[in-house]
Amino acid sequence: MINVEIDEKAGVAIISPMERLTVKDFDSIGSIVDPYIEREGQLNGLIIATRQFPGWDSFGSLCTHLRFVREHHKKIGYVAFATDSM
């Protein structure tokens, strides 16, 4: 499960993964982030907030993650990680 919110005023998406990342998680992120990018042209920033990185549930979800990055990296101004993990 993943929580995705967009602060529309700041143009920043906040993503909080709760457990291992799945292909469905990236579909959820895209369904929220893509309409905003389409409307505004880009996201000013993306914050990934988690206690520790949960990893991926499969090789397929890792590939989907990499595909998501490839398709979105030019449309996001900054990326920040907020974590307690070393």
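Relevant structure appears above.
Procedures and definitions
Residues numbered from 1 in each chain as written. Predicted model: local features only at pLDDT ≥ 70, side-chain atom pairs only at ≥ 80, totals over all residues. Heavy atoms only, no water. Helix = DSSP H or I, 4+ residues; strand = E, 2+ residues; numbered from the N terminus. Buried < 20%, exposed > 50% of the residue type's maximum accessible area, 1.4 Å probe, protein only. Areas by Shrake-Rupley, 256 points an atom, 1.4 Å probe, with all protein chains shown as cover. Lys, Arg positive; Asp, Glu negative; His and termini not counted. Charge placed at Lys NZ, Arg CZ, Asp CG, Glu CD. Contact = heavy atoms within 4.5 Å. Axes fitted to C-alpha atoms, helices over the stretch in contact; angles between N-to-C directions. Parallel < 35°, antiparallel > 145°, perpendicular 65-115°, else oblique. Left-handed = near helix turned anticlockwise from the far one by under 90°. Nonpolar A, V, L, I, M, F, W, Y, C, P; charged D, E, K, R; others polar.

*Asks:* For this particular structure, what's the right way to read the overall build of the chain?
*Replies:* Of regular secondary structure, the chain possesses two helices and four strands. Oriented by its inertia axes, the alpha-carbon framework of the chain measures out at about 30 × 25 × 20 Å. With 86 residues in all, the chain has 33% of them scored as buried. As displayed, the chain offers around 5,800 Å² of accessible surface, 56% of which is attributable to carbon and sulfur atoms. A gap of 4 Å separates the mean positions of the 9 positive and 12 negative side-chain charges of the chain.

*Asks:* Sorry if this is basic, but what is going on with the environment of Val33 here?
*Replies:* Within the fold, Val33 resides in helix α1 (residues 23-40). In sequence terms Val33 and Ser85 are 52 residues apart; their C-alpha atoms lie 26 Å from each other. Those residues within four positions of Val33 in sequence are excluded, and the remaining contacts are Val4, Ile6, Ala13 and Leu43.

*Asks:* Sorry if this is basic, but what is going on with the packing of α1 against helix α2 (residues 59-72) here?
*Replies:* Packed helices, taken two at a time, are described by the angle between their axes plus the distance between the axes. Where α1 meets α2, the closest approach of the two axes is 9 Å, and the angle between their N-to-C directions is 15 degrees. Relative to α2, the element α1 lies roughly parallel. Along this stretch, α1 crosses α2, giving a crossing that reads as left-handed. Residues Val23, Phe26, Ile29, Gly30, Asp34 and Ile37 of α1 form the contact with α2, whose own contacting residues are Gly60, Ser61, Thr64, His65, Phe68 and His72. By residue class, the composition of the contact of α1 with α2 is five nonpolar, six polar and one charged.

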